[in-house]
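# Structural features, examined
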Amino acid sequence: MTDASEGVLHTLFRSEQGGHEQVVLCQDRASGLKAVIAIHSTALGPALGGTRFYPYATEEEAVADALNLARGMSYKNALAGLGHGGGKAVIIGDPETLKSEELLLAYGRFVDSLGGRYVTACDVGTYVADMDVVARETRWATGRSPENGGAGDSSVLTAFGVFQGMRASAQHLWGDPTLRDRKVGVAGVGKVGHHLVEHLLEDGAEVVITDVREESVRRVTDRHPRVTVVADTDALIRVEGLDVYAPCALGGALNDESVPALTAKVVCGAANNQLGHPGVEKDLADRGILYAPDYVVNAGGVIQVADELHGFDFDRCRAKAAKIFDTTLAIFARAKADGIPPAAAADRIAEQRMAEARGR
């Protein structure tokens, strides 16, 4: 057995990051499909999580990513109040060259073979059109187009949920659930970020943005000329008088370099995996910066895809996403009571909910 394989098995069976119920390796040589489906927990219901299509350097790296992502979905779904556990799938390969109808249909058959224990959706490298193809082989595919019985793009509700988390942060820190007259920096104004900007402006915030894509910046400034633009994220986190920093692009935004430079009092954004490494949440707390855990506030998308299984209703989903406000406040209260950072408090609440479900 290789050292890499041993590392994966150690993670699965013997580490605190493991504890997964099931890991399925899928292969269809005719289409070139190599996939990993990881089910972390079904304590709260069928595992729900997206399918990532990515050119991993090794198969072991792909398995490790699936395990980590599936575990994260258990926590996200638990705190979103969904009747779902956590799962994730990864397809190994470059989606630009490997993705085909044949491959997606083969993948759909593997999802279907699990009999509903795993419900899939879009993630990095997969899109609504891909889920439409996967759904031809299984009923356990969400994130489909409206023409195929789905809800389509989930970025609207994701942004709405992040805004609710931001309002809760304002309530906790300043005693008023509004961003009016607050300066908010949004890093990344793509699918989710530009919707978040709309909410902030409607609420009376002063907004500063940055994005590596000029067309994304222009879409915002053409509509809202009063929005300020800075060169990059490094400049954004140093903006004088910044009240809130919203990372809405890549993960790892909070690290040993960015945290000491932050001028904001609150971090609340849509990006996944914002904490660069364990311990960053304590660094934020030590600096007096309130962190709204990413997997809590960005749950609007998973709330939407979960609702598809019951016949999508936007108003019902929006009402569920609005509860992110109350959940975020509860996390801050637990963090204060237990003397721990909000990220640790969020984990404790999610773990408690899963443990109670298993004990029923």
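For the structure, check the block above.
Going along each chain's sequence as written, the residues are numbered from 1 onward. With pLDDT at 70 or above as the cut-off, local features in this predicted model cover only qualifying residues; side-chain atom pairs require 80 or more to be listed or tallied, and sums for whole chains, interfaces and linings still use all residues. Only hydrogens and water are set aside; all other atoms, that is, all heavy atoms of the structure, feed into the side-chain values.

Helix numbers and strand numbers start at the N terminus; a helix is a DSSP run of H or I with at least 4 residues, a strand a run of E with at least 2. When helices and strands are tallied, the protein chain shows 15 helices and twelve strands. Radius of gyration: over C-alpha atoms. The globule rule applied is 2.2 Å multiplied by the number of residues raised to the 0.38 power. Whereas a compact globule of 360 residues would reach a radius of gyration of roughly 21 Å, the protein chain reaches 20 Å, a difference of no more than 12%. With respect to the principal axes defined by its C-alpha atoms, the protein chain has extents near 55 × 45 × 40 Å. Throughout this description, buried means an accessible area under 20% of the type-specific maximum (1.4 Å probe, protein chains only), exposed means over 50%, and partly exposed covers the range between. Looking at the 360 residues of the protein chain, the share that counts as buried comes to 54%. Should any heavy atoms of two residues lie within 4.5 Å, those residues are considered in contact. Taking the intrachain contacts of the protein chain between residues at least 6 apart in sequence as the baseline, contacts between residues at least 24 apart amount to 64%. Using the Shrake-Rupley algorithm and a 1.4 Å probe, accessible areas are obtained, with residue cover drawn only from the displayed protein chains. On the protein chain, roughly 15,800 Å² of surface is accessible, and the fraction owed to carbon and sulfur atoms is 49%. Counted charges follow a simple rule, with Lys and Arg positive, Asp and Glu negative, and His plus the chain ends left uncounted. Where a charge lies is defined by one atom per residue type: Lys uses NZ, Arg uses CZ, Asp uses CG and Glu uses CD. Charged side chains in the protein chain number 37 positive and 49 negative. The centres of these two groups are separated by 5 Å.

Secondary-structure assignment places Asp 307 in helix α12 (residues 300–308). If we ignore the near neighbours within four places in the chain, the residues touching Asp 307 are Phe 312, Asp 313, Arg 316, Cys 317 and Lys 320.

The topology assignment puts Leu 200 in helix α7 (residues 193–202). With 184 residues separating them in the primary sequence, Leu 200 and Glu 16 have C-alpha atoms 39 Å apart. In this view, Leu 200 contacts Phe 163, Met 166, Leu 179, Val 184, Val 186, Ala 205 and Val 207; residues no more than four positions away in its chain are not counted.

This brings us to the sheet that holds strand β12 (residues 290–291). Any two strands with at least two DSSP-identified bridges between them are counted as paired. The parallel open sheet is built from six strands, whose spatial order is β9-β8-β7-β10-β11-β12. Whereas interior strands pair on both sides, the edge strands pair on one side only; in this sheet they are β9 (228–229) and β12. Alignment of strand β8 (residues 206–210) against β9, held across two bridges, turns out to be parallel. Across the sheet, the residue bridging to Ile 209 is Val 229, located in β9.

On to the packing of α12 against helix α13 (residues 314–322), then. At a minimum axis distance of 9 Å, the contact between α12 and α13 shows a crossing angle of 140 degrees. Classified by chirality, the crossing of α13 by α12 is right-handed. In contact with Ile 303, Gln 304 and Asp 307 of α12, α13 contributes Arg 316, Cys 317, Lys 320 and Ala 321. Polar here means any residue outside two lists: the nonpolar Ala, Val, Leu, Ile, Met, Phe, Trp, Tyr, Cys and Pro, and the charged Asp, Glu, Lys and Arg; Gly therefore counts as polar. Counted by class, the contact of α12 with α13 contains three nonpolar, one polar and three charged residues. Only C-alpha atoms enter the line fits that serve as axes; for helices the fit covers just the stretch in contact. Angles between N-to-C directions range over 0 to 180 degrees. Definitions for this section: a left-handed crossing has its near helix turned counterclockwise from the far helix by less than a right angle. A right-handed crossing has that turn clockwise.

Remember, this is a structural readout, not a statement about activity or role.
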